[in-house]
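A closer look at the structure
Okay, here's what each chain looks like letter by letter:
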Amino acid sequence: MTEMIWNVLHTVKDPEIDSISIVDLGMVNRVSVEGDMISIELLPTFMGCPALDIIKANVLKACKEQLGTEAVNVAFVYDPPWTSSRLTEEGRESLKEFGIAPPPKDFTGVEDWKIHCPYCDSPYTSMENLFGPTACRSILYCKQCKNPFEAMKPISTMM
Amino acid sequence: MNVKSPDEIPNKEYKEALLSLLYQLADDDFILAYRGSEWLGLAPHIEEDVAFSSINQDTMGHATMYYQMLEELGEGSQDSLAHARPSHERRNAILLEEVNGQGNYLEEPRYDWAFTVVRHYFYSVAKKVRIDSLKNSSYEPLAQLAIKINTELYYHLLHWKTWFMQLVNAGGEASVKMREAVKRVMDEFQGVLTLGPTGKEMAVMGLIEDEENLKKRWELSLQPVFQSTNLAFPPTTAMKKGNGRKGEHTADLDQALSTLSEVYNSDPAATW
């Protein structure tokens, strides 16, 4: 049963980056079933993110449509905290498809970011704005293929 | 002794100290996020507009989490906590409620960018010190939240430090305005650093360290920045307009509350 629920969650996409599922974003902490009741624990990426309520509603909708049940409890929890290292390899590729560079792996907050262009993979990029159109993204520029692009901010508990 | 959930709160004194701390944390972030949001479309350049909006959104998110925690402790709904409490029930520092400058958002806003940079930078440093202490809070839900908030605060600090250093060192009008702003912000900053009348109890209960320690660490965090910009160290902080932790506030807070809760008050029962 829990495997079926994970499959359903794979169909729920980030409302603002519709190439990536909430599973590949690393937002799903735990799925459990007790009797008829399904419990799903989600980890918020950024706390002020207005997409959280939409994601919750989309999870409920997907469970209703694909599993035929409304006995679903979706809770946001903070332990463990979401970090950008929770992204799956598939998730990192999905971000690139959308034109967003995945965050550097195992970021500790001390080193400079090395971000490759999601279009041409060039390392010859510059940071234009640490903050971007949504809480989780920064704005960069590729000096190789001359495209502006976005990158997902690295988030680590080491920061 | 660690408290894992609201059900495990051992006694009335613990709960009172916890509530009082949460109100301070929530109200500080809430009102400063609001003042920050009043810069929307007015920031010095478009990139700053994007960055500042993002920071305000994060900060409002932090306030929401604290209000949610208060809701779980039986203090009422998070929406009413944010919108419906009169100014004398608010526990934010007076410095954070002060208007951004002359004029108002819709008519001739002549806001003060130097004041904004200094207020936000010094506040972010103080917030970082508090959050680091809260990671070891005896109230575990608060400790977990602190770990999460810290990951976002990292970017806020980078941002405000960059502005602060560049403007203080710019020379000319910018340096003069920044030094005036530092003086003005320091005159009220004790109001941010204080934990109010129940500060001692908070420390005894292990909710957060005592305010003397926190203040010292705040000063130490600023020391390298002050020394590299030739600002007098340690800074002298005061609390001239009153103690927000005791519910003392200025007309600026009433103005802010009436504006920010206008939509909420038009129909408090509505679902948004």
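Nothing here was measured: the structure is a model prediction, and the numbers come from that model.

**Some thoughts on the overall build of chain A**
Secondary structure summary: chain A contains three helices and nine strands in total. If you list the helices and strands of chain A from N to C, you get α-β-β-β-β-α-β-α-β-β-β-β. The C-alpha radius of gyration computed for chain A amounts to 17 Å, which stays within 12% of the reference 15 Å derived for 159 residues, consistent with globular compactness. Taking the principal axes of the C-alpha coordinates as reference, chain A spans close to 55 × 30 × 25 Å. For chain A, the proportion of its 159 residues judged to be buried stands at 36%. In chain A, of all internal contacts separated by at least 6 residues, the share reaching a separation of at least 24 is 54%.

**Concerning the overall build of chain B**
A tally of regular secondary structure across chain B gives 11 helices and two strands. Scanning chain B from its N terminus toward the C terminus, one meets helices and strands in the order α-α-α-α-β-β-α-α-α-α-α-α-α. Compactness check: chain B gives a C-alpha radius of gyration of 18 Å against a globular reference of 19 Å for 272 residues, within 12% of the reference. Overall, chain B is about 55 × 45 × 30 Å in size when its C-alpha atoms are taken along their principal axes.

**Comments concerning the packing of helix H5 (residues 113-134) of chain B against helix H7 (residues 172-193) of chain B**
Residue and element names in this part refer to chain B. Contact geometry for H5 and H7: axes closest at 9 Å, N-to-C directions at 40°. Classed by the angle they form, the pair H5 and H7 counts as oblique. Considering only the axes of H5 and H7, their crossing is right-handed. Across from Ala114, Phe115, Val118, Arg119, Phe122, Tyr123 and Ala126 in H5, the residues of H7 making contact are Lys177, Met178, Ala181, Val182, Arg184, Val185, Phe189, Val192 and Leu193. Residue composition of the contact of H5 with H7, grouped by class: 13 nonpolar, no polar and three charged.

**Section: helix H1 (residues 2-10) of chain A**
Residues and elements named next belong to chain A. Taken as a whole, H1 has its buried residues at Ile5, Val8 and Leu9. Along the long axis of H1, the arc covered by the buried residues comes to 100°, so they all point the same way. Facing away from the buried surface of H1 by more than 90 degrees, the exposed residues are Glu3 and Asn7.

**So, the interface of chain B and chain A**
Contacts between chain B and chain A engage 21 residues on the former and 17 residues on the latter. Of all the secondary-structure elements, those providing two or more residues to the side of chain B that touches chain A are helix H2 (46-72) and helix H6 (140-168) of chain B. In terms of residue class, the side of chain B that touches chain A is built from nine nonpolar, eight polar and four charged.

**A closer look at the UniProt feature "domain: MIP18 family-like" (unreviewed entry) in chain A**
Under the feature "domain: MIP18 family-like" (unreviewed entry), the UniProt entry names residues 3-74 of chain A. Annotated as residues 3-74 of chain A, this span is 35% helix and 32% strand, and its ends, taken at the C-alpha atoms, are 17 Å apart.

**Here's the deal with the sheet that holds strand E9 (residues 148-152) of chain A**
Residue and element names in this part refer to chain A. The four strands are arranged E6-E9-E8-E7 in an open sheet whose pairing can be described as mixed. The sheet is open, and its two borders are formed by strand E6 (100-101) and strand E7 (125-129), each paired with just one other strand. In terms of strand pairing, E6 meets E9 through two bridges, oriented parallel. Its bridge partner being in E9, Ala101 is matched across the sheet by Ala151.

Here is what the cut-offs are and how they apply
Residues numbered from 1 in each chain as written. Chains lettered and ligands numbered in written order. Predicted model: local features only at pLDDT ≥ 70, side-chain atom pairs only at ≥ 80, totals over all residues. Helix = DSSP H or I, 4+ residues; strand = E, 2+ residues; numbered from the N terminus. Rg over C-alpha atoms; globule rule 2.2 N^0.38 Å. Buried ≥ 20, exposed ≤ 12 C-beta atoms within 10 Å, placed from the backbone. Contact = placed C-beta atoms within 7 Å. Axes fitted to C-alpha atoms, helices over the stretch in contact; angles between N-to-C directions. Parallel < 35°, antiparallel > 145°, perpendicular 65-115°, else oblique. Left-handed = near helix turned anticlockwise from the far one by under 90°. Nonpolar A, V, L, I, M, F, W, Y, C, P; charged D, E, K, R; others polar. Arc of directions from axis to C-beta. UniProt positions renumbered as here; feature names shortened; annotations may be inferred. Pairing = 2+ DSSP bridges.

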